[in-house]
Structures are given as C-alpha cells and as structure tokens.
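# What the coordinates show
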Amino acid sequence: MLTTALRNVLAHKARLLMTVLAVCLGVAFVSGTLVFADSTAAAYRAAASKNFADVAVSVTAKESPTAPEQPNVLTDALARRLADVPGVAAVRPSADGSAVLNSADGTPLRVRQGTNLASAYDPGRYPLVEGRAPAAEGEIAVDRGTADAGRFHPGDTVTLATDGPAFTARLVGVVTTRDTRVTAGGTLTLFDRATAQQLFATPGHYTGLEIAAGSGADQYELARRIEGLLPAGRAEVTTGQAQAAQQAIYVGTLTRGYQKMPLVFAGVALFIGSFLVVNTFTMLVSRRRREIALLRAVGATRRQVVRSLLAEAVVIGVVASAVGFVLGLGVAAVLPDLLSGDGNRLPTGPLVIGARPVAAVLFVGVGVTVPAAWLPSRRAARIAPIEALRSAGQPDGRSRPRTVVGAGLLVLGVGLLVSLAGSAKDASEENLRSAMLGCGVLVVALVVLAPALAVPVIRVTGRLTRRFGITGHLARENALRDPRRTAATAATLLISTALVSGLATIGSSTGRALDRQVAAGLGADYVISTGSTMTGIDPAAVQRLAGAPGVRTASAVADSTMVVGGRVREVSGVDPAGVGQVMKLDFVSGSLKDLGPGRIAVSDSVARETRVGTGGQLKARMGRGEEFTGYTVVGVYRDNPTAHDVLGARDEVQRGSFKPGSVQRVLVKGDGATEGGLRTAVGDNPLLKVQDRAALVRQSAGTMSDLLTLMYGLLAIGVVISALGIVNTLAMSVAERTREIGALRTLGMERAGIRRMIRLEAVTVAAFGTLLGLAGGVFGAWAVGALAGGAMAQYALVLPWGTLALVCLASLALGAVAAAVPARRAAALSPLEAVAEA
C-alpha cells in the first residue's frame, strides 16, 4: 500500500502541485519568521557583547532620596579612587542623556524604535569615520545612521534640543557604534566632555563610569570591591555581562512586534490552504473511485485505504515543508530590509538556522496536510467495491448532518455576537476576545453551511450569466452539479474576503470616529506638545506663541499622571478661565468654576469606574507624590481625549508633576496661524510637536496603518491561495468532464464557447464565496464596533464602499484569470478523442 501511495503521488503530481504551493506559502512565512527572529536576536546579542566587551563593571548615578537637587557622586575624584582598586585596568567616565535633532529639511528626526542617545565623545567606543571629534561647545558628532537619516554632512549647522530650548551646533564628525540602542533605530549625538556634563549632569560630574578589568580579574569580584567604595544608595553597580544582557533584552522587546505580522500571515495561509488540501483529496478520491474499489476487491482493508491516502498526505506535507523551508530562508533574508525603513535599522548578521524553525516547519507542513486529508480518506474507505466498479461515481450531494451542524454553529456565532453587541457596551479585553470567538464561529459556520447555501445563492447570482446564452446556463449548472466541491473551492475566498471586509469596515469606522472625537473635544486649531510628562516647554516659547501672528488664544496645559482607583490616569492642569476657548467640554454635572487646589473634575469613565460623582471625595496620588490625598470632585464631563481623564488646577498639577513648574502642551486658537509660524515661535525645537486637527487624528489612528497593511497582506494571501484552488478544481473538473466537453464540441459548440463556459463557472464560484465572505465580515465588524462604541462615543458603523467594491471586483477578476489555463485545456480537447475516452 505504501508503494501504491507513492505511485499515486507521482501519477497525480501536476494536480497535487497546487496543494504543495498553498502549504508552502504558509510554511515559508513560519520558517522565515522564526529564522529571522533567531538571526536578529543573535545579531543583537553579538552587537551588545561587542559593545561591552571591554566593560567589566558599570557604575551609574542614583538620585539622593532626601535631596534630589544635590549633584551625583560620580566625579573625577571617585574615578581616580576606583582606578586604584586591584583588578581595575581603566576607568572611563561617561555623561549620557538624550537629544533630538532636526533633519536637513527642518523636520524633527524622531525614531519609532531605539533611543535618541546623547553622550560625551569617547574614541574607544565611537570610532571616527569622517571629520574630527567635537572639542568645544557648539560642536557635535553623530553616528553614520543618524547622518544618513537626517541627510547631514560635516560642516552643516544642526538644530537640536536636549531638555529645554533648541540650540544649534556645527557637525564636525561622523562615527560608528555597536550600541544596540542606536543600531535598533535610534540616533546618537556626541558632545565634548564639558558640554555633555553641563547638559546631562553638572560640571565635574558624570552619569556613569565604565570600568575595564585587568587580565584574570573576575567581573563579579571586581563589582563587589567597587560597591564597597561607593556611598550607600547613591550609585548602582552592574557587571558588563549583565548590562549587555539587559540591553539585548531591551532591544529584543522593542523589535518583538516584527514577528507578529508574518506569523499572522502564516496562520491565515495555512488555515485557508487546509481547505485546498481537503478539496484536492476529495476530488482525487472521487476521481479514483474505481481504483480504490479495485484495491478493496483484491483484499485491501478500509484501514489500509485510509493509511494509503494519509501516506500521500505525509509525502505532500514533507515536500511542502522542505520547499517552504527553503523559500522561508529567502523571506528571512529580505525581512530586515523590509523592516528597516523609517529609521529603524536592524543589525545584520548570518542567518541562524536552529532546531526550532526546522521542527516547526515539519510540524506545520505535515500537521496541516494530514488532518485535512483524514476526512476524505475516511470517505474513501467507505466505498463499496461493487458500487464503485459499477460507475465512475456521482458527485456528492448536500449532507444533512453537515447542514444541521452548520446551522447550529451559525446560531451560536450570531447569538454570541448579537448578545455582546446588545448588552455589553464595554470594550474590555474579555469582551473583545468573546467577539473574536464569535466571528471565528460565524466564519466556520458559513464554511460548513456553504454546500447548503450554494444552490439558492448561485441560482440567484446565476441569472447574471443568462445574457451569455447557453454557455452561461451551462456554467451555472456545472457550479450547481457538486455543491460540496463548489463550497470547498469558494471557502478560501470566503475566509479571505471575510477577514478583509471586516478589517476594512472596522478601520473605516474607527478612523471616522477618531475624526469626530477630535472635532468634538478640541476647540483649538493647533496643539504644541512635548509628547512626554518628563519634559517641558520653555516658558519663553509659551510667551512667543501667545504673540505669534494669527494667534488669538494660547492656553498652556500641564500634563502629569494621577493614580485613581488603583489605575494610572492622565491629568491635565488648566486655567479654568481660558480653557473653554480651546477645549470643548460637555459636563454631565458640575462645572470648572470651582476648580482649584484640592478640587478636580473627572471624565465620565473615571466617575463610572470609581463610582464617585460631583461633590464626592476621591483618594488619589498625583505625579511624583508618594502619599494619597483626598480631592473633591467639582464636575463630571464626557470623555474627551484633549482633556484626558482628570482636570485639575494648573498650579497644583505643576507642583506635583515630574518636571515641576513646567507645561507640556499649548493649545492655540487663532485666525490665520500657520504651522510654520508656530514652529518658528518655538525656535524650531525638535522636542516639540506642532499638530493641527488632521495630524492629531492621524496620530490617534496610528494603528490604522498597521491594520491596513495587515488587511492588504491577508487579501494578497487569500487571492494567491484562492487562485490555486480555482485552478486545481477546474483542472480536475475538466478532466472529469472530458466526454461531456467532447459531446458539446461534437454538437457544434466552438472553442471560444468552451473557454467562456469554464470562465463563467469560475466567476460564479468566486462570486458565491465573495458574497458569503462580505456578509460574514461586515456582520462581525458591526458586532465588534458595537463594543468599541462603549469606549468611543463617536463610533458608528461606516461601510467602506470603495474598498468593498474593489474586493468584489478583485474576486471576480481572480475567478476569470484563474480559469484561463483550465479553459484553454478544455478548448484544446479533440471532440472525437474526448467522446471516445472511457
């Protein structure tokens, strides 16, 4: 039986090729992602190890708990003391901080990964590749990646900021670095030592000391000796190995998200591809009924028939795994280039092929094909020898048990989604998981019910093919001949269309809701912000904004955090007299007129969660404070992204903020104010964002770009696998209907008519899968959107008609294109030879 299985694979290799390709696609994503992850992790570890290869112990400064304004203890005198410790070869002081630069075109050079690192120039850590080292105030050097991203050249004047007003410096050199905080997509700015101390510590003091060990010295013993010389609680000692490990973990955390999207693509490809495997083996079983019956007649048991077909599936799975693994290496090789855009530079290194991706590939490839082939093999084992030898077999009809199961799943999925949408207006993680489960059950129900739905749906949609005459009529009847086959072929399009239409609808609705939310909560025309509660806007810049051309009102807002009800909330410190001009506050109860020390206003969500209303008392801890204080609630307003969770008096919020006395936002309302004019007013400070309403909407909808990428990726995967499925199904269908096609040719149908009939059949099947997918996807998006309405009052279902129409057209075009080769083969059949074939 094993020999028979291998011969069957070779005999049907052309028909099994599409199945192998579909499984290959998913396997390639899995293996490529895992190899990429292992290779990237190894490259980061290697970079971190090289960066700290000569660092045995690192000493960093800690703020005094009783007198935070005091300078730290890391001085030249301490460095000299540590240099005399036995086993110490050298002490290298450092003054590190952060700096943001404006690129050559004047826009801030921000990073999505890594850090904006700034430090004192050290020739041992930052080798020069161009120009010279910074030697005085007003000079800087940058790393090669930063120079390329900002389009900088030695001699350029660069605008930058550390923590305060912007200033300019002349670029005098370009360096290289192995620091993974920079190579992960960050920037590096280097100053001379005195300037770095002035910016990031105090004159004569450092933020860290890096210590190199002598020959034979143990890092941990050296760390113990050094720790004994440091003032208690004023410095922290870390070994070089531990620091390298911490940095690798840090960067690995930043880049872990790179693995998620390829694995999602892999999961979808394998899930959709499993339907192609089922369809292929079902058709092969139907095609080989006589062969299987002959095996049964000569003594093969049912178990042997099942094992024979499963052996074929194992062979296909192993071949698909091997080919997919090789293709995955190509995926792993190109992923760093694809993911290194927008300043995110991934480290380079050799591909690391470990046991994990190899095992995963075999498990995934064989684990998809064998279970998918199990049901057709069980069906083959039930073939009675006499019955099968009597005829070539008839198409399988609709299965009553399958219809009952599908109807039950449909009721369950729809019921779960309707109950969540109707009774739970809470977009909690638990409810969202339940909604995702309901969507999954709904899609599975549609797949199971597809054979029962195929007849009524195709009879309706088939009316469109009547205008093509007899070829259109035959195409519709051919699609209806075997509902199971039609449903299995359409299942791939059903799933991909449901995913794409659902994501597109959610994305469109969320984007429109964010637009409404910003419009409803913001009365200002522009928002100037630091983007962090740890930095502030220069007071002089606030004054310049108030006097900028076209500015009518400039209201400063201090942002901080407040622990309320066990959760960290965002608090905004405002001036009650002028905030109404720049914020649109809709109070449910109370008002801002009594806002002051010890008195706050809270959002509707905070009031609901803490069960405290106007006039009630709320225990909270603000900013860097350590004790909880009682606050009186003077008003409750509807959720407002501009006002955040809590509103307090600006002076009180400034006293408790992480940067006392500072403001983090300025809301500007005016007539004729421009972004360029406002950016000039703040000195072109790269730390500050100048955003109008449209920019704020884009920022709030930052995840929408990832959602769109995911949507188009899923659509591409669905299109490829669906095309393979349609080609495979039609090719086998043409082979089964050879005599029928020959009869049509004998009766006078031209080759063009045969081609048109096969294409219309493919379009009919594609339309069926698309309609079911659109229905399931939009309904699921409605249910998920109903939950989002609880967290976003402005949310409403908005159908992306353009995207949905594009999906429909793409699906119909896919059917027509995928049918080209089978249609050409059918038209090429000789009438006499086709009729004569047994």
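In short, a report on the structure. Treat the numbers as computed from the prediction; the structure is a model and nothing was measured.

Let's shift gears to the packing of aromatic side chains. Applying the stated criterion across every chain, the model contains 3 aromatic pairs. With centroids separated by 6.0 Å and ring planes inclined at 65°, the aromatic side chains of Phe191 and Phe200 adopt a geometry described as edge-to-face. Taken as a pair, Phe191 and Phe200 share a single burial class, namely buried. Ring geometry for Phe587 versus Tyr637: centroids 5.9 Å apart, planes at 70°, classification edge-to-face. On the criterion of sequence distance, the pair formed by Phe587 in strand 16 (residues 587-590) and Tyr637 in strand 19 (residues 629-637) is long-range, its members being 50 residues apart. Among the residues examined, Phe587 registers a relative accessible area of 22% and is labelled partly exposed.

Attention now goes to the side chain of Ser529. Of note, Ser529 is situated in strand 13 (residues 526-529). In this view, Ser529 contacts Gln664, Arg665, Leu687, Leu688, Lys689 and Gln691; residues no more than four positions away in its chain are not counted.

What follows deals with the pattern of salt bridges. With the rule as written, the count across this model stands at 20 salt bridges. Two residues, Asp148 and Arg144, come together in a salt bridge whose shortest N-O distance is 3.9 Å. Within this pair, Asp148 and its partner Arg144 are both found in helix 4 (residues 144-150), separated by 4 residues, close to a single helical turn. With a relative accessible area of 33%, Arg144 lands in the partly exposed category. Each of the salt bridges in this network shares a partner with another, and the network as a whole consists of Arg92, Asp122, Arg125 and Glu210.

The backbone phi angle of Arg611 is positive, close to 60°, even though this residue is not glycine. Despite not being glycine, Asp684 has its phi angle at roughly 50°, a positive value. Within the secondary structure, Asp684 sits in the loop between helix 21 (675-681) and strand 22 (689-692). On the accessibility criterion, Asp684 (32% relative accessible area) is partly exposed.

On to the environment of Ile758, then. Turning to its location among the elements, Ile758 is positioned in helix 25 (residues 751-791). Using a relative accessible area of 1% as the deciding quantity, one classes Ile758 as buried. With 28 residues separating them along the chain, Ile758 and Leu730 place their C-alpha atoms 7.7 Å apart. The contact partners of Ile758, leaving out residues within four places of it in the chain, are Leu730, Val734, Arg737, Ala819, Pro822, Ala823 and Ala826.

To continue, consider the sheet that holds strand 11 (residues 208-213). Taken in spatial order, the 4 strands line up as 2-11-1-12 in an open sheet, and their pairing is antiparallel. Strands at the two margins of the open sheet, each flanked by one partner only, are strand 2 (88-94) and strand 12 (235-239). Averaged over all adjacent pairs, the angle separating strand axes in this sheet is 20°, with direction ignored. Of the pairings in the sheet, the one linking strand 2 to strand 11 comprises 6 bridges and is antiparallel in character. Residue Val88 lies in a different strand from strand 11, and its bridge partner there is Ala213. Where helix 7 (residues 219-227) meets the sheet, its contacts fall on strand 1 (57-61), strand 2, strand 11 and strand 12, and the angle it forms with strand 12 comes to roughly 170°.

Parameters and conventions
- Residues numbered from 1 in each chain as written.
- Predicted model: local features only at pLDDT ≥ 70, side-chain atom pairs only at ≥ 80, totals over all residues.
- Heavy atoms only, no water.
- Phe/Tyr/Trp six-rings, centres within 6.5 Å; stacked < 30°, edge-to-face > 60°.
- Buried < 20%, exposed > 50% of the residue type's maximum accessible area, 1.4 Å probe, protein only.
- Helix = DSSP H or I, 4+ residues; strand = E, 2+ residues; numbered from the N terminus.
- Contact = heavy atoms within 4.5 Å.
- Salt bridge = Lys/Arg side-chain N within 4 Å of Asp/Glu carboxyl O.
- Pairing = 2+ DSSP bridges.
- Axes fitted to C-alpha atoms, helices over the stretch in contact; angles between N-to-C directions.

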